[in-house]
Amino acid sequence: MVNVHHRYATVQGRRLFYREAGPEDAPAIVLLHGFPTSSFMFRELIPALADRYHVIAPDHLGFGLSDAPPAEDFAYTFDALTGLTSGLLDQLGVSRYVIYVQDYGAPIGWRLVLDDPDAITAIITQNGNAYEAGFVPGFWTTVWDYHREQTPETEKAVRQALTLDAIRWQYLTGVPDETLVSPDTWHHDVALVSRPGNDRVQLALFLDYATNPPLYPRLHEVLRERKPPLLAVWGKGDEIFGPDGARAFAADVPEAEIHLLEGGHFLLESALDEVARLIRDFLGRKLHA
């Protein structure tokens, strides 16, 4: 049995929750979660990797069990969340690591890559977008409208993403057998984003998402130059970040290993065993060669 530790650290005056498991002297894997969840999404993946790796999964500020200061008291941006993640890794003495990115974890992970490409030993992207081709317009048009103009109408539209129906949709869309996905997942997330004031936190990040696509050309340049080991394991039924977002990595990293699996945005909920097998095989070849 793998022991998973549930810990807190204070970084830049903010209390961050993180899950940690595995030998501290083993290669590190940092798991970066997306919206609207937390490190809870990795609750079963962590034990599947921790026999051989030092696994760290933080909750971003405003999510999960980390502090969630009001948006009036903290400027919620992806730059700020990246700084907190980097500060946590510094405290833990983790200077080289694999990143696993999903959804919001991707723009945080890409900033870590751009800030210190030498720190990144490999990249695993699970529905973590880095290309214009990955955006599914049917989902993103509402967000793009909000980026262009913040009005009561555009705000009301993006607020729908915080509802129970919308979060359940994220979990179930594209999953061949919906009975494999526990309702605990979306009820857990809804409870946390429904905390007083958390809606303003999420609106701030929806707005700041506009800063992410402009980083893509710099990221692509780093990928072309560095050619890090890269595994894209993608729920091909995702209607937020479509499978073209996975395929696009091959343009910059020709040796990227791309797997489109039956499943959706939160692939771990229905295809955990297959994802874990692909990760262990990939890292076994790339890190232990």
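Note that residues are indexed from 1 along each chain, following the sequence as it is written. At least 70 in pLDDT is required for a residue's local features to be given in this predicted model, at least 80 for side-chain atom pairs to be given and counted, and no such filter applies to totals for whole chains, interfaces and linings, which use all residues. Just so you know, side-chain values use all the structure's heavy atoms and leave hydrogens and water out.

**Student:** Lay out the sheet that holds strand β5 (residues 97-101) in plain terms, naming residues and giving numbers.
**Tutor:** Think of it this way: DSSP has to see at least two bridges between two strands before they count as a pair. Secondary structure elements follow DSSP: runs of H or I of four or more residues count as helices, runs of E of two or more count as strands, with numbering from the N terminus. Strands sit in the order β1-β2-β4-β3-β5-β6-β7-β8 across an open sheet of 8 strands; the sheet is mixed. The open sheet terminates on both sides in strands that have one partner only, identified here as β1 (4-11) and β8 (257-261). Within this sheet the neighbouring strands show an average axis-to-axis angle of 20 degrees, counted without direction. Examined bridge by bridge, strand β3 (residues 28-32) and β5 share 5 bridges and lie parallel to one another. Opposite Leu32, over in β5, you have Val101 as the bridge partner. Throughout, a residue-residue contact means that at least one pair of heavy atoms, one from each residue, lies within 4.5 Å. All axes are obtained by fitting lines to C-alpha atoms, using only the stretch in contact for helices, and the reported angles, taken between N-to-C directions, cover 0 to 180 degrees. Taken strand by strand, helix α3 (residues 105-115) contacts β3, β5 and β6 (120-125), and its axis lies near 150 degrees from that of β5.

**Student:** Requested: an account of the side chain of Thr121, with residues and values cited.
**Tutor:** Here Thr121 is to be found in strand β6. Those residues within four positions of Thr121 in sequence are excluded, and the remaining contacts are Arg96, Tyr97, Val98, Pro229 and Leu287.

**Student:** Go over the environment of Thr10, please, and point to the residues and values.
**Tutor:** Relative to the helices and strands, Thr10 resides in strand β1. In the structure, Thr10 is positioned 74 residues away from Leu84 in sequence and 9.5 Å away in space, judged by C-alpha atoms. For Thr10, the contacting residues outside a window of four places in its chain are Arg15 and Gln91.

**Student:** Explain helix α9 (residues 216-226) to me, using residue names and the numbers behind them.
**Tutor:** Inspection of α9 places Tyr216, Leu219, His220, Val222 and Leu223 among the buried residues, and these make up the whole buried set. All buried residues of α9 project into a common sector of 160 degrees when viewed along the axis, lining one side. Along α9, the residues that are exposed and aim more than 90 degrees away from the buried face are Pro217 and Glu225. In this fold, the buried residues of α9 make contact with α3, β6, β7 (230-235) and α11 (249-252). Of the residues trailing α9, Lys227 is marked for its positive phi of about 45 degrees. Buried residues are those whose accessible area, probed at 1.4 Å on protein chains only, stays under 20% of the maximum for their type, while exposed residues exceed 50% and partly exposed ones sit between those limits. By arc we mean the arc of the directions from the helix axis to the C-beta atoms, nothing more.

**Student:** If you had to explain the environment of Leu267 to someone new, which residues and values would you point to?
**Tutor:** On the secondary structure map, Leu267 appears in the loop between β8 and α12 (268-286). As a C-alpha pair, Leu267 and Val94 span 173 residues in sequence and 27 Å in three-dimensional space. In this view, Leu267 contacts Gln126, Val233, Trp234, Gly235, Leu261, Glu262, Leu272 and Val275; residues no more than four positions away in its chain are not counted.

**Student:** How would you explain the packing of aromatic side chains if you had to name every residue and give the values?
**Tutor:** Ring geometry is summarised as follows: Phe, Tyr and Trp rings, the Trp one being its six-membered ring, pair when their centres sit within 6.5 Å, and such pairs are stacked at plane angles under 30 degrees, edge-to-face over 60 and tilted between the two. Under the criterion given, the structure shown has 22 aromatic pairs. Aromatic pair Phe135 and Tyr209: ring centres 6.4 Å apart, planes at 80 degrees, arrangement edge-to-face. Residue Phe135 is located in the loop between β6 and α4 (137-148), and its partner Tyr209 is located in the loop between α8 (198-208) and α9; the two are separated by 74 residues in the primary sequence. Here Phe135 matches Tyr209 in class, with each residue buried. Ring geometry for Phe139 against Trp140: centres 5.3 Å apart, planes inclined by 75 degrees, an arrangement best described as edge-to-face. A residue is classified by how much of its surface remains accessible, and Phe139, at 22% relative accessible area, is partly exposed. Criterion for a charge above a ring: Arg CZ or Lys NZ at most 6 Å from the ring centre, at most 35 degrees from the ring normal. For the cation-ring pair, Arg15 lies above Tyr8, with the distance from its terminal atom to the ring centre recorded as 3.7 Å.

**Student:** Outline the pattern of salt bridges, listing residues and values.
**Tutor:** Two side chains that carry opposite charge are able to pair once their charged atoms sit near each other. Salt bridge criterion: a side-chain nitrogen from Lys or Arg within 4 Å of a carboxyl oxygen from Asp or Glu. Applying the stated criterion across every chain yields a total of 16 salt bridges. Among the salt bridges present, the one from Arg7 reaches Glu20, with a minimum N-O distance of 2.7 Å. Residue Arg7 is found in strand β1, and its partner Glu20 is found in strand β2 (residues 14-21); the two are separated by 13 residues along the sequence. Each of the salt bridges in this network shares a partner with another, and the network as a whole consists of Glu155, Arg159, Asp199 and Arg200.

**Student:** Quick one: what's the story with the environment of Pro70, residue by residue and with numbers?
**Tutor:** Looking at the secondary structure, you find Pro70 in the loop between β4 (54-58) and α2 (78-92). Using a relative accessible area of 37% as the deciding quantity, one classes Pro70 as partly exposed. Taking the C-alpha atoms as reference points, Pro70 and Gly197, 127 residues apart in sequence, are found 6.0 Å from one another.

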